[in-house]
2 protein chains.
Amino acid sequence: MEEKHRPRIEIVSTGTEILQGLYADTNAQWLSGQLLAIGLPVAYHAVVGDSIEDLESHLDVVSRRCELLIVSGGLGPTEDDINRFAIARVYGLELVEDEAAVEQMRERFARRGRPFTDANRVQALIPRGASVFYNEWGTAPGFLIEGTEGRATLVALPGPPRELRPMFDRWVRSRIVERFRPSERYLILTLHTIDLPESEINAKLGDLFDADPSVSVALLAAVGKVDIRLTGRGGDEDKVRQSLRRFHRRIEERLGPENVYGTDDQTLESVVGDLLKCNGLTVAVAESCTGGMIASRLTNVAGASSYLLEGFVTYSNEAKVARLGVARSLIERYGAVSAQVAEAMAQGARRVAQADRALSTTGIAGPTGGTAHKPVGLVYLGLAWEDGTTVAERRFLGKRNENRTYAVNAALDLLRRHLWRQTGRERASG
Amino acid sequence: MEEKHRPRIEIVSTGTEILQGLYADTNAQWLSGQLLAIGLPVAYHAVVGDSIEDLESHLDVVSRRCELLIVSGGLGPTEDDINRFAIARVYGLELVEDEAAVEQMRERFARRGRPFTDANRVQALIPRGASVFYNEWGTAPGFLIEGTEGRATLVALPGPPRELRPMFDRWVRSRIVERFRPSERYLILTLHTIDLPESEINAKLGDLFDADPSVSVALLAAVGKVDIRLTGRGGDEDKVRQSLRRFHRRIEERLGPENVYGTDDQTLESVVGDLLKCNGLTVAVAESCTGGMIASRLTNVAGASSYLLEGFVTYSNEAKVARLGVARSLIERYGAVSAQVAEAMAQGARRVAQADRALSTTGIAGPTGGTAHKPVGLVYLGLAWEDGTTVAERRFLGKRNENRTYAVNAALDLLRRHLWRQTGRERASG
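Here the structure is a predicted model, which means the values were calculated and not measured. (Residues numbered from 1 in each chain as written. Chains lettered and ligands numbered in written order. Predicted model: local features only at pLDDT ≥ 70, side-chain atom pairs only at ≥ 80, totals over all residues. Heavy atoms only, no water.)

Student: Looking at this model, I keep getting lost on the sheet that holds strand 17 (residues 388-395) of chain B. Mind explaining?
Tutor: Whether parallel or antiparallel, the strands of a sheet pair through hydrogen bonds between backbone atoms. As summarised here, the arrangement of the 10 strands in space is 17(A)-16(A)-15(A)-13(A)-14(A)-14(B)-13(B)-15(B)-16(B)-17(B), forming an open sheet in which the pairing is mixed. Pairing within the sheet leaves two strands with one partner each, and these edge strands are strand 17 (388-395) of chain A together with strand 17 of chain B. Going from strand to strand, the sheet's axes swing by 10° on average, the running direction of each strand aside. As paired strands, strand 16 (residues 378-385) of chain A and strand 17 of chain A are joined by 8 bridges and run antiparallel to one another. Within strand 17 of chain A, the residue paired with Ala-384 of chain A across the bridge is Thr-389 of chain A. (Pairing = 2+ DSSP bridges. Helix = DSSP H or I, 4+ residues; strand = E, 2+ residues; numbered from the N terminus. Axes fitted to C-alpha atoms, helices over the stretch in contact; angles between N-to-C directions.)

Structural data, given as structure tokens:
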């Protein structure tokens, strides 16, 4: 039987910018997700500044206590780019110029019509014996130093995510799998819910959190939506998949299947788009307080032109009257933010655009404009179809742009639930 | 004269979720920015998982080598919430129940109609002698242990950002300032540029990067935009402000003032909004490939209703004809993605909405729909005003949603530059 040793893995990100709060350490986040997916969970992240003493002493300690060390950043041509020097010192290796790397940089500079200077040449210095990862997406190459009895295998990658990620994909992942032969697979399945409070999900799923040691359950809350992230692990990929499917089914049963709108890469707008497409339906939107955000979300999805006919951003009362045929008396009587106007907007958009369905929003996003009767956060959402209209009243408690996002999600969800009910709760494929 | 000792500060975030790549460590990012602003730069970030041995050994090492240690997360009621136990052990302090914290939690649970269980009571355990930070934004209180000769001052905060941030604002910042009396102030000024490549900015500002040791310059590139972040430091706040102003002026001279569209919290849409408002002008937008994103960006700004009359999301050709009066022959002859149609869309939107200015977009966002002649990423941006129209052709090289964002930024910038030229390059206030 294969030995089930799990290597200790650490990530070090370098750069004063992260310590100053300019960026979050998204490289460590991305790398951790990639490593987990191949069965190699990460034990520790660190961020060290651009001081060579700090970095050397950190690398000296951690390279002795772990088996794989991934270091990002600090490979550029400036004085702050100290990583190759610190790594070479800690590993006791000489830095030697890699001819192929010099040539590659020279060509890159020539292609861009920029002069190749000696300052750039430093980026081709590689610890002797290390494997070089040529950089097709930027300038500085990365490298890998094989581990020894007392030192971790070390991978050095450039800091910019648009270089680090493809370099990891192209060169590093397969090398790590080959080197550590992880015995377990980690598979992740994310279920997206909307309109259920985190506390309610927590209460309804409570006993599932510890039901199976090979499946961990985590809740991630966003604006009006909660994701349920299932991480399954085990030596047999098929069994892990089965466990995840079982959890998926159970969670849908507990929460009600209509409350779980999709999985993984699916979004509210892609699910709504699939439902419209599958049923050969078209849609139009009339937006006041959301000011174009619903249309913008729907058109995030490639191919939206096959179902989105048109959007009306009727921010002013005049536009509501002139474009959607909302009766001026209705606005005068009930106010622009009212169920009556939301209904008339949806009906008007459907009629004018000759669409099968239409969504509308009117509300008070804030921070001003609220009254005791109609507070900031009050939104009416309208939906019109061939033989009916429905209006939902919602009161959101966030800041202006949170309220707008809540309203967009609630409007898309109103259409999604309507389409599910109309099409016998059958889901669109995909 | 005051001693200019700068304390070593470290941040520890706890939680397996971060090590699994579910989140980036945004608490460390936010705290670092806050500490820098009060003159206390952070030296080191670490993320440790939910193993009590790992956390204890980490805290033991770092609490001996720094003077302020901020620990976030792990204060909740579950088994994974180990921070109070690890901290108490490392500092050799007994955990005692804080009566006021129990009462506060009991009341909070009662208000929400939820039962208060013994499991929740653990959150009121505080190391003896620590100052307690009551939590008005969630459940678990934070605390502060005063440092001694051999151990850092330690601040423990809950993990959810919506609890950590107000708790830091209310209780922690002033305590830290009082304790460490930072002798320098750090002030940050961010200049926003658009339409200049990072390499060009780098080349034009090259010598400013080392011109003044008290002002550091960093470039942060986003989609089509580059921010120039100036961090000034010194004992005299007025002098730091002067240095930043001097850098600001010099950078505007080097890059051209029209290329620096704003500072700090200003956005393209807020700057455009201010220019429209100051000049008493209204605007309408007609969007095809950007599908509502321009309207949505303009309505991000509170008060946009005073200048944005209306938006048309004319995704289909029919809508372009029916809503904006674009001649069908124009679409047939030049195609929907053409300078001619962009021009007609802007003119139509201006006329129909009776606006002073109108913006339009038509293009191929991708991933499909491109041809050799009209590739993915080709976008036409139109601008109409009382006595003219202009059309810009742009070719973006990103993915679908990057291309859409590029196009929105370029369209807003087209209007901004036009308004600056028309109003004698005078800027809106604010």
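Student: Would you mind showing me how to read helix 7 (residues 161-180) of chain A here?
Tutor: Quick reminder: α-helices carry 3.6 residues per turn. Residues three or four places apart thus point the same way. All names here are of chain A. Between the first and last C-alpha of helix 7 there are merely 24 Å, a value that for 20 residues lags more than 12% behind the 28 Å anticipated at 1.5 Å per step. Along helix 7, the helix axis deviates most sharply at Phe-168, where the bend reaches about 50°. Taken together, the buried positions of helix 7 are occupied by Glu-163, Leu-164, Met-167, Phe-168, Val-172, Ile-176 and Phe-180. In this structure, the buried residues of helix 7 make contact with helix 2 (26-37), strand 3 (68-72), strand 6 (131-133), strand 7 (142-145) and strand 8 (153-157). Residue Arg-181 follows helix 7 closely and has a positive phi angle near 35°. (Expected span 1.5 Å × (residues − 1). Bend = angle between axes of the 7 residues up to and from the residue. Buried < 20%, exposed > 50% of the residue type's maximum accessible area, 1.4 Å probe, protein only. Contact = heavy atoms within 4.5 Å.)

Student: Got a minute to help me understand the packing of helix 12 (residues 317-324) of chain A against helix 14 (residues 339-353) of chain A in this structure?
Tutor: Packed helices, taken two at a time, are described by their axes: the angle between them and the distance between them. Residue and element names in this part refer to chain A. In the contact formed by helix 12 and helix 14, the axes pass within 9 Å of each other and the chain directions differ by 40°. In terms of axis orientation, helix 12 runs oblique to helix 14. In contact with Lys-320, Arg-323 and Leu-324 of helix 12, helix 14 contributes Val-341, Ala-344, Met-345, Gly-348, Ala-349, Arg-351 and Val-352. Of the residues that constitute the contact of helix 12 with helix 14, the class distribution is 6 nonpolar, 1 polar and 3 charged. (Parallel < 35°, antiparallel > 145°, perpendicular 65-115°, else oblique. Nonpolar A, V, L, I, M, F, W, Y, C, P; charged D, E, K, R; others polar.)

Student: Looking at this structure, I do not really get unusual backbone geometry. What am I missing?
Tutor: Glycine aside, a negative phi is what most residues show, and trans is what most peptide bonds show. All names here are of chain A. Geometrically, the link from Gly-366 to Pro-367 is a cis peptide bond, its omega value of 0° lying close to zero. Mapped onto the secondary structure, Pro-367 falls in the loop between strand 15 (357-363) and strand 16. In the Ramachandran plot, Asp-264 falls in the positive-phi region, its phi being about 45° despite a non-glycine side chain. Along the chain, Asp-264 turns up in the loop between strand 12 (260-263) and helix 10 (268-278). Even without being a glycine, Gln-354 presents a positive backbone phi close to 55°. Within the element layout of this structure, Gln-354 appears in the loop between helix 14 and strand 15.

Student: Help me understand helix 9 (residues 237-255) of chain B in this model?
Tutor: Residue and element names in this part refer to chain B. End to end, helix 9 covers 27 Å across 19 residues, agreeing with the expected 27 Å (1.5 Å per residue, within 8%). For helix 9, every residue scored as buried is listed here: Val-240, Ser-243, Leu-244, Phe-247, His-248, Ile-251, Glu-252 and Leu-255. As for helix 9, its buried residues are in contact with strand 9 (185-194), helix 8 (198-205), strand 10 (215-222), strand 11 (225-234) and strand 12 (260-263). You can read the cap of helix 9 off the contacts: a side-chain oxygen lies 3.0 Å from the backbone nitrogen of Asp-238, and it is on Asp-236. Backbone geometry just after helix 9 places Gly-256 at a positive phi near 90°. (Polar contact = N/O pair within 3.5 Å; in protein donor to acceptor, adjacent residues only side chain to side chain.)

Student: Honestly, the pattern of salt bridges in this entry has me stumped. Any pointers?
Tutor: Opposite charge on two side chains permits pairing when their charged atoms draw close. What the rule picks out here adds up to 54 salt bridges over all chains. For Arg-65 of chain A, the salt bridge goes to Glu-10 of chain A, with nearest N and O atoms at 2.6 Å. With Arg-65 of chain A in helix 3 (residues 52-65) and Glu-10 of chain A in strand 1 (residues 9-14), this pair connects stretches of sequence that are 55 residues apart. Overall, the relative accessible area of 38% leaves Arg-65 of chain A in the partly exposed class. Classification of Glu-10 of chain A as buried rests on a relative accessible area of 0%. With a shortest N-O distance of 3.3 Å, Arg-395 of chain B and Glu-393 of chain B are connected by a salt bridge. When its relative accessible area of 48% is taken as the criterion, Arg-395 of chain B is described as partly exposed. The structure contains a network of salt bridges with shared partners spanning Arg-8, Glu-10 and Arg-65 of chain A together with Asp-54 of chain B. (Salt bridge = Lys/Arg side-chain N within 4 Å of Asp/Glu carboxyl O.)

Student: Teacher, can you tell me more about the packing of aromatic side chains here?
Tutor: In this description, an aromatic ring pair is defined by two values, namely the gap between the centres and the angle between the planes. Residues and elements named next belong to chain A. Applying the stated rule across the entire model yields 8 aromatic pairs over all chains. Both rings, one in Phe-396 and one in Tyr-406, keep their centres 5.1 Å apart while their planes meet at 10°; by these two values the pair is stacked. Of this pair, Phe-396 sits in the loop between strand 17 and helix 15 (400-422) while Tyr-406 sits in helix 15; the two residues are 10 residues apart in sequence, bridging distant segments of the chain. Taking relative accessible area as the criterion, Phe-396 reaches 7% and is therefore assigned buried. The ring centre of Tyr-44 lies 4.8 Å from the NZ or CZ of Arg-65, which sits over that ring. For the cation-ring pair, Arg-250 lies above Phe-247, with the distance from its terminal atom to the ring centre recorded as 5.6 Å. (Phe/Tyr/Trp six-rings, centres within 6.5 Å; stacked < 30°, edge-to-face > 60°. Lys NZ or Arg CZ within 6 Å of the ring centre and 35° of its normal.)

Student: Hey, could you run me through the relation of the copies chain B and chain A in this one?
Tutor: What relates the pair of chain copies is a rotation about an axis plus a shift along that axis. Structural alignment of chain B on chain A gives an RMSD of 0.1 Å, achieved by rotating through 180° and translating 0.0 Å along the axis. Those values place the two copies in the arrangement expected of a two-fold rotation axis. A shared interface surface links the copies, since 100% of the contact residues of chain B are contact residues in chain A too. (Least-squares fit on C-alpha atoms with pLDDT ≥ 70 in both.)

Student: Looking at this model, I keep getting lost on the pairing of strand 10 (residues 215-222) of chain A. Mind explaining?
Tutor: Within a regular strand, side chains alternate between the sheet's two faces. Residue and element names in this part refer to chain A. In the sheet, strand 10 pairs with strand 11 (residues 225-234) via 8 bridges, with the strands oriented antiparallel. Bridge pairing links Ala-222 to Lys-225 in strand 11. Between the end of strand 10 and the start of strand 11, which pair antiparallel, lie 2 residues, with Gly-224 showing a positive phi angle near 75°.

Student: What is the right way to read the interface of chain B and chain A from this model?
Tutor: Accessible area lost during the coming together of the parts is what is often quoted as the interface size. Each partner contributes to the interface: chain B provides 58 residues, whereas chain A provides 58 residues. Both faces considered, chain B and chain A share a buried interface measuring about 4500 Å² in area, 51% of it formed by carbon and sulfur atoms. Inspection of the region where chain B meets chain A yields 4 salt bridges. Of the charged contacts in the structure, one is a salt bridge between Arg-323 of chain B and Glu-310 of chain A, with a shortest N-O distance of 2.7 Å. (Buried area = accessible area lost by both parts, 1.4 Å probe.)

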